[in-house]
Amino acid sequence: MKVLSRHADILTLELPVKETRIIIASLREADQELEDWEFQTRTGCERSAMRELHNAIHNALYGAEE
């Protein structure tokens, strides 16, 4: 991973495909394995926000068709 730029609200990263796949798999695993009552406490975000992030990263890597 390489940090390309860092600003107050934006972090721009360059990630190898392998690391991107790790992030996608980790987000999917958290979504599937954490119960609703523990999700926000353990991840620090709402499940819907995590799903949006997962979908955005997945679509950036594989395209929106899959």
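If you're wondering where the values come from, they're calculated on a predicted model, not measured in any experiment.

Digging into the confidence of the model for the protein
For any part of a model where pLDDT is low, the fine detail of the predicted coordinates should not be relied upon.
So, point 1. In the predicted model, the protein carries a mean pLDDT of 94, and 97% of its residues have values of at least 70.
So, point 2. Mean pLDDT per element in the protein: helix α2 (residues 36–43) is the minimum at 94, and strand β1 (residues 2–6) is the maximum at 97.

Here's the deal with the pattern of salt bridges
Once the charged atoms of two side chains with opposite charge are near each other, the side chains can pair.
So, point 1. Overall, the coordinates contain 4 salt bridges when judged by the stated rule.
So, point 2. Here aspartate 36 ties to arginine 47 by a salt bridge, and the two come within 3.1 Å at their closest N and O atoms. With aspartate 36 in helix α2 and arginine 47 in helix α3 (residues 47–62), the pair connects residues that are 11 residues apart, well separated along the chain.
So, point 3. For aspartate 36, a relative accessible area of 65% gives the class exposed.
So, point 4. The shortest N-O distance in the salt bridge between arginine 42 and glutamate 38 comes to 3.2 Å. Of this pair, arginine 42 and glutamate 38 both sit in helix α2, separated by 4 residues, roughly a single helical turn.

Section: the pairing of strand β2 (residues 11–14)
So, point 1. When β1 meets β2, the two strands line up antiparallel, connected through 4 bridges. Across the sheet, valine 3 pairs through a bridge with leucine 13, a residue of β2.
So, point 2. Hairpin connection of β1 to β2: 4 residues between the antiparallel strands.

Cut-offs used in this document
Residues numbered from 1 in each chain as written. Predicted model: local features only at pLDDT ≥ 70, side-chain atom pairs only at ≥ 80, totals over all residues. Heavy atoms only, no water. pLDDT = per-residue confidence, 0-100. Helix = DSSP H or I, 4+ residues; strand = E, 2+ residues; numbered from the N terminus. Salt bridge = Lys/Arg side-chain N within 4 Å of Asp/Glu carboxyl O. Buried < 20%, exposed > 50% of the residue type's maximum accessible area, 1.4 Å probe, protein only. Pairing = 2+ DSSP bridges.

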